[in-house]
Amino acid sequence: MDNRLYFIEALFNKNYKENLQLVNKDGETFSFKKIAVKKYAIYDKEITYCVLQLLTPIENVEKESFLLYRVDIDKIGNASLRHEYNPSIMQDVLTSQQ
């Protein structure tokens, strides 16, 4: 049996230091290093963001680039990641203390 944590569990686990594996809808596997996970206040909402370092080559993205993702969790607990393009949020997530 595989004892690895699910991606979202590993993402939020402060003690998890291994690379994260993410499989897209086409079955392709990508590896990431977790750099930061932070709750970020925007207007009157608190949103969770994560910064991941890409370890798998992807077309048009430099290997080892830092990528910012918004973590959305729906009412029944399903989590999804959405790539965030705002460089000021990236800077805030990387430099702020949690």
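Owing to the predicted nature of the structure, the values given are computational and were not obtained by experimental measurement. (Residues numbered from 1 in each chain as written. Predicted model: local features only at pLDDT ≥ 70, side-chain atom pairs only at ≥ 80, totals over all residues. Heavy atoms only, no water.)

Participant: Explain the pairing of strand β1 (residues 20-23) to me, please; I cannot follow it from the model alone.
Facilitator: Strand residues, when the strand is regular, have side chains that alternate between the two faces of the sheet. Relative to strand β2 (residues 29-42), β1 runs antiparallel, the two being bridged by four bridges. Bridging across to β2, V23 finds its partner in T29. Linking β1 back to β2 in an antiparallel pair, the connection comprises five residues, with G27 at a positive phi of about 85°. (Pairing = 2+ DSSP bridges. Helix = DSSP H or I, 4+ residues; strand = E, 2+ residues; numbered from the N terminus.)

Participant: Any chance you could explain the pattern of salt bridges here in plain terms?
Facilitator: Opposite charge on two side chains permits pairing when their charged atoms draw close. Scanning the entire structure with this criterion turns up two salt bridges. A salt bridge links R70 to D72, with the nearest nitrogen and oxygen atoms 2.8 Å apart. Accessibility expressed as a relative area gives 16% for R70, which makes it buried. D72 sits in the partly exposed class, given a relative accessible area of 24%. The closest approach of N and O atoms between R82 and E84, which form a salt bridge, is 3.3 Å. The partly exposed category is assigned to R82, whose relative accessible area is 39%. For E84, a relative accessible area of 16% gives the class buried. (Salt bridge = Lys/Arg side-chain N within 4 Å of Asp/Glu carboxyl O. Buried < 20%, exposed > 50% of the residue type's maximum accessible area, 1.4 Å probe, protein only.)

Participant: Please explain the packing of aromatic side chains as it appears in this structure.
Facilitator: The relative placement of two aromatic rings is captured by the distance of their centres and the angle of their planes. Within this structure, the stated rule accounts for two aromatic pairs. Relative to Y69, the ring of F32 lies with its centre 6.3 Å away and its plane at 85°, an arrangement referred to as edge-to-face. In this pair, F32 is assigned in strand β2 and Y69 in strand β4 (residues 66-73), connecting sequence segments 37 residues apart. The two residues F32 and Y69 agree in class, both being buried. Between Y40 and Y49, the ring centres sit 5.8 Å apart and the planes meet at 85°, which makes this aromatic pair edge-to-face. Taken individually, Y40 and Y49 each receive the classification buried, so the pair is uniform in this respect. (Phe/Tyr/Trp six-rings, centres within 6.5 Å; stacked < 30°, edge-to-face > 60°.)

Participant: Would you explain the side chain of E84 in this entry?
Facilitator: Inspection of the secondary structure assignment puts E84 in the loop between β5 (79-83) and α2 (87-95). In contact with E84, other than residues within four places in its own chain, are Y49, L68, Y69 and I89. (Contact = heavy atoms within 4.5 Å.)

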